[in-house]
Amino acid sequence: MGKVGFGLAVSCAAATCAIAAILVGKRVRSRRKWRRVVGVLKDLEEACETSVGRLKQVVDAMAVEMHAGLASEGGSKLKMLLTFVDKLPNGFSNLEGIMSERGKYYALDLGGTNFRVLRIQLGGKRSSILSCDVERQPIPQDLMTSTSEDLFDFIALSLKQFVEKEAQNSEFSPVKRRELGFTFSFPVKQTSVSSGILIKWTKGFAIKDMFMAAKDVSECLQHAFTRNGLDMRVAVLVNDTVGTLALGHYNDPDTVAAVIIGTGTNACYLERTDAIIKCQGLLTTSGGMVVNMEWGNFWSSHLPRTSYDGDLDAESPNPNDQGFEKMISGMYLGDIVRRVILRMSRESDIFGPVSSRLSMRFILSTPSMAGMHGDESPDLTEVARILKEELQIPDVPLKVRKLVVKVCDVVTRRAARLAAAGIVGILKKIGRDGSGGSTSGRGRGIDSKMRRTVVAIDGSLYTRYTMFKEYLHEGLCDILGEEVAQYVILKVTEDGSGIGAALLAASYSSHSAPSSSSSSLSLSSSSVDSKRFL
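Residues numbered from 1 in each chain as written. Predicted model: local features only at pLDDT ≥ 70, side-chain atom pairs only at ≥ 80, totals over all residues. Heavy atoms only, no water.

(A) Highlighting the overall build of the protein chain. Across its full length, the protein chain holds 17 helices and 15 strands. Expressed as a percentage of its 534 residues, the buried residues of the protein chain come to 52%. Long-range contacts, defined here as pairs at least 24 residues apart, represent 71% of the contacts in the protein chain between residues at least 6 apart. Accessible surface for the protein chain amounts to roughly 23,800 Å². Of this, 52% is attributable to carbon and sulfur atoms. (Helix = DSSP H or I, 4+ residues; strand = E, 2+ residues; numbered from the N terminus. Buried < 20%, exposed > 50% of the residue type's maximum accessible area, 1.4 Å probe, protein only. Contact = heavy atoms within 4.5 Å. Areas by Shrake-Rupley, 256 points an atom, 1.4 Å probe, with all protein chains shown as cover.)

What follows is the structure, encoded as structure tokens:
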């Protein structure tokens, strides 16, 4: 029995050791898997690193590309498009505070499956919008692939019905022809302040006769007005960024640029005409012009690109295009985070079996990513909900949820700080970054040389995503330094595509006084007074 008991004891000990070995092995494997996942995060952090030194390299690259884009067509990834907007609405135009823009003006905002019509009443002293009426109208699906005549007739008829409602108002006066600012958010080659040729349709539109006949967008709308008995003139044709700059300048004359960071991103700014070398001799009475940068297509080797960015770009409908936009805009940030989580899932089973939804492009939206990033609950319940409902990853441990939040933070911080570098690049180009600028030749005396500089900014990524906004401001301060940064104000300017377009219609109205009428553009060898503009 003694031998039997001893044998049992040995067997039990061996079994215990085996079990212990199994448990230890599992822990070791679990730690190894965790280390692999943490390694994915560390690699991401290193690849997305935005040190002040690197950001300043991006600033310099942006300024250089701006110069190249102004020097020649196709000379840069930045298109630097002329808008022919050579003056902006100003609510503080004379010593008595009487506005130069007064009266009733309209705007049409066409940029997707809906369009908006607006009517604003300007008047009084100082910057004053007395009233603003807005209506939104969906565009029938069949009209998006019909003919240009059908589409613009539908829009003109809707606008006519909107206008006719004002006849019920006692202030209605039919004497003056109505003036319209047309925001057309599709790629256009601008030919004047009020005309342009469609380059291509996007967002589900496919009306072939527009480019087959190289039709002028404003002319198509103007003909529709005539056919439908609407006495209205297209005074300006703009995009939403230019409209944002116009509205920003109307509210604050120190506004020199506008940036939109939402689903997509773009920027425009005020440039001296003598700096637009590709149109040498271009004259404006103001000495300058608004330039539409199309900065989403900016690219530089200094941008901190990751393998996830490369894969996203390769799988996109426009590879090697819009590289900057794909790193900073709301269309793409959520998908970058999805790709990182997919990599982590393949490296380890910490998320459980790999969810098939993780392989679906854009299944994780940027608003959902922002929701996870901003989750302040102790158990990160919002993170758990989004992982379960949108990615079908249930029962994720708390430490893994914290890892997901960190991934969101890394991707967002990089995007915001790169956007800040883009903004400073614009300021550097026009000599407003405190360094003397690439064209101004001024010195470093900050207190005596710096001028208050306002950048109008709009877009849901900035206005609704708190952490993005905070990181963007952090980036500005890091690049400029606190002394200079205090002179740079980012001012939220919402609805430039509507109100801003109507204000531009007022600036370029045929009813304007001679002193504020639209400046004619001409080609001449004469010089211009560039100091007046910037």
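That covers the picture; the talk isn't over yet.
(B) Structural detail: the packing of aromatic side chains. Taken as a whole, this structure holds 11 aromatic pairs when the rule is applied. By the ring-pair criterion, three or more aromatic residues cluster together here, those being F182, F184, F186, W201 and F205. Above the plane of the ring of Y508 lies K87, whose end atom (NZ or CZ) is 4.5 Å from the centre. The aromatic ring of F162 is capped on one face by R119, whose charged end is 4.5 Å from the ring centroid. (Phe/Tyr/Trp six-rings, centres within 6.5 Å; stacked < 30°, edge-to-face > 60°. Lys NZ or Arg CZ within 6 Å of the ring centre and 35° of its normal.)

(C) Main features of the pairing of strand β8 (residues 232-238). Counting buried positions along β8 yields 6 of 7 residues, so the element is predominantly enclosed. Two strands pair when backbone bridges link them, and strand β5 (residues 178-184) and β8 are joined in this way by 6 bridges, in the parallel orientation. Within β8, the residue paired with T183 across the bridge is V238. (Pairing = 2+ DSSP bridges.)

(D) Structural context of the confidence of the model for the protein chain. Overall, the prediction assigns the protein chain a mean pLDDT of 85, with 82% of residues at 70 or greater. The secondary-structure element of the protein chain with the lowest mean pLDDT is strand β15 (residues 522-523), recorded at 34, while helix α15 (residues 466-480) shows the highest, at 98. Contacts from residues 438-445, a stretch scored under 50 in pLDDT, to residues over four places away or in other chains number 19 contacts. Here residues 513-533 is modelled with pLDDT under 50, and outside its nearest four sequence neighbours on either side it reaches 52 contacts, counting other chains as well. (pLDDT = per-residue confidence, 0-100.)

(E) Inspection of unusual backbone geometry at higher detail. With a phi angle near 50 degrees, M80 is a residue other than glycine that sits in the positive phi range. For M80, the location among the structural elements is in the loop between α2 (52-71) and β1 (81-82). The phi torsion at F362 lies on the positive side, around 65 degrees, for a residue other than glycine. Mapped onto the fold, F362 is located in the loop between α9 (333-347) and α10 (366-373).

(F) Examining the nonpolar core more closely. Membership of the largest hydrophobic core comes to 120 residues, with the highest contact counts inside it found for Y269, M293, W295 and L472. Among the elements that make up this core, the one with the highest residue count is helix α12 (residues 398-429) (18 residues). Grouped together as the second largest cluster of nonpolar side chains are 34 residues, L143, L151, F205 and C220 included. (Core = buried A, V, L, I, M, F, W, Y, C linked by side-chain atoms within 4.5 Å.)

(G) Expanded view of the sheet that holds strand β13 (residues 453-458). Taken together, 6 strands build an open sheet; the order of strands is β1-β12-β10-β9-β13-β14 and the sheet is mixed. Strand pairing shows two members of the sheet lacking a second neighbour, β1 and β14 (488-492), which therefore form its edges. Note: strand β10 (residues 265-272) against strand β12 (residues 288-292), 5 bridges, orientation antiparallel. Across the sheet, the residue bridging to R272 is G288, located in β12. Contacts between α15 and the sheet are confined to β9 (255-261) and β14, with β14 contributing the most and set at about 160 degrees to the helix. (Axes fitted to C-alpha atoms, helices over the stretch in contact; angles between N-to-C directions.)

(H) Quick look at the packing of α2 against α12. Close contact between α2 and α12 brings their axes to 8 Å; oriented N to C, the two are set at 50 degrees. Between α2 and α12, the crossing angle belongs to the class labelled oblique. Where α2 crosses over α12, the handedness of that crossing is right-handed. Contacts between α2 and α12 pair V52, L55, V58, V59, D60, M62, A63, M66, H67 and L70 from the former with R417, L418, A421, G422, V424, G425, I426, K428 and K429 from the latter. Residue classes in the contact of α2 with α12 are distributed as 12 nonpolar, 3 polar and 4 charged. (Parallel < 35°, antiparallel > 145°, perpendicular 65-115°, else oblique. Left-handed = near helix turned anticlockwise from the far one by under 90°. Nonpolar A, V, L, I, M, F, W, Y, C, P; charged D, E, K, R; others polar.)

(I) Structural context of the packing of α12 against α15. Put simply, α12 and α15 touch, their axes get as near as 8 Å, and they point 50 degrees apart. Between α12 and α15, the crossing angle belongs to the class labelled oblique. For the crossing formed where α12 meets α15, the hand is right-handed. Taking contact as the criterion, the partners of D409, T412, R413, A415, A416, R417, A419, A420, A421, I423 and V424 in α12 are, on α15, M467, F468, Y471, L472, E474, G475, L476, D478, I479 and L480. Taken together, the residues of the contact of α12 with α15 break down into 14 nonpolar, 2 polar and 5 charged.

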